Amino acid sequence: MAKIVNITDKLEMDGNPFLVIKNEKLEVNADAATMLKIMGKYGELEESEATPKDILDLYNLMFPEESRKKIEKLKLSFNDLTVVVMEAQKLITGAEDDESEGESQIPTTI
């Protein structure tokens, strides 16, 4: 008989994380496929090098339709949307765990 190993207890299957803006919970896609796409396409991209198309691509990958509708209703400026996208990226890649509390690392212009 073939060996069977149950690894369920080793997996984090809590669902997607959320960002909160003005009491709106925004789901962020954190599944492996999305994460690999983001890391593969933008892993080496510096925040200061991001183009508007890059931000839009990340936005569409990271946020499900329901979250995008909520974000659109907030009428954020482009700079604020950039902050939302970069914070979502940190959330799903775990980059925020590596940074200490303090000043934001988000550039003021892109």
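Described in the following lines is the structure provided in the data block.

What counts and what doesn't
Residues numbered from 1 in each chain as written. Predicted model: local features only at pLDDT ≥ 70, side-chain atom pairs only at ≥ 80, totals over all residues. Heavy atoms only, no water. Helix = DSSP H or I, 4+ residues; strand = E, 2+ residues; numbered from the N terminus. Buried < 20%, exposed > 50% of the residue type's maximum accessible area, 1.4 Å probe, protein only. Contact = heavy atoms within 4.5 Å. Areas by Shrake-Rupley, 256 points an atom, 1.4 Å probe, with all protein chains shown as cover. Salt bridge = Lys/Arg side-chain N within 4 Å of Asp/Glu carboxyl O. Phe/Tyr/Trp six-rings, centres within 6.5 Å; stacked < 30°, edge-to-face > 60°. Polar contact = N/O pair within 3.5 Å; in protein donor to acceptor, adjacent residues only side chain to side chain.

**Some details on the overall build of the protein chain**
The helix and strand tally for the protein chain stands at 5 helices and 2 strands. Counting every position in the protein chain, which comprises 110 residues, the buried fraction comes to 25%. A separation of at least 24 residues holds for 59% of the contacts in the protein chain among residues at least 6 apart in sequence. Surface summary for the protein chain: the accessible area is close to 8,200 Å², and the carbon and sulfur share equals 50%.

**Re the pattern of salt bridges**
Applying the stated criterion to the full structure yields 4 salt bridges. Ionic pairing is found between K69 and E65, a salt bridge with its closest N-O pair at 3.5 Å. Taken together, the residues K69 and E65, both in helix α3 (residues 65–74) and 4 residues apart, mark about one turn of the helix. Relative accessible area serves as the criterion here: at 49%, K69 is assigned to the partly exposed category.

**Quick notes on the packing of aromatic side chains**
One pass over the structure, following the stated rule, counts 1 aromatic pair. Taking 5.7 Å as the distance between ring centres and 50 degrees as the angle between the ring planes, the aromatic pair formed by Y59 and F63 counts as tilted. Of the residues examined, Y59 reaches a relative accessible area of 6% and is grouped as buried. Residue class for F63 comes out buried when judged on its relative accessible area of 0%.

**A look at the side chain of N29**
Within the secondary structure layout, N29 lies in the loop between β2 (24–27) and α1 (32–42). Note on N29: relative accessible area 17%, which makes it buried. From its side chain, N29 meets the backbone oxygen of L61 in a polar contact 3.1 Å long. In this structure N29 touches N16, T34, L61, M62, F63, P64 and I92, once residues within four positions along its chain are discounted.

**A few points about helix α2 (residues 52–62)**
For α2, the full list of buried residues reads D54, I55, D57, L58, Y59 and M62. Looking at the buried residues of α2, the elements they touch are β2, α1, α3 and α4 (78–93).

**Digging into the environment of L26**
Residue position: L26 is located in strand β2. Classification of L26 as buried rests on a relative accessible area of 0%. The spacing of L26 and R68 is 42 residues in sequence and 8.1 Å in space, taken between C-alpha atoms. Sequence-distant contacts of L26, that is, excluding residues within four places in its chain, are made with P17, F18, L19, I21, F63, S67, K70 and I71.

**Quick notes on the environment of N6**
Position of N6 relative to the elements: it lies in the segment before β1 (18–21). Among the polar contacts listed, one links the side chain of N6 to the side chain of T8, at a separation of 2.6 Å.

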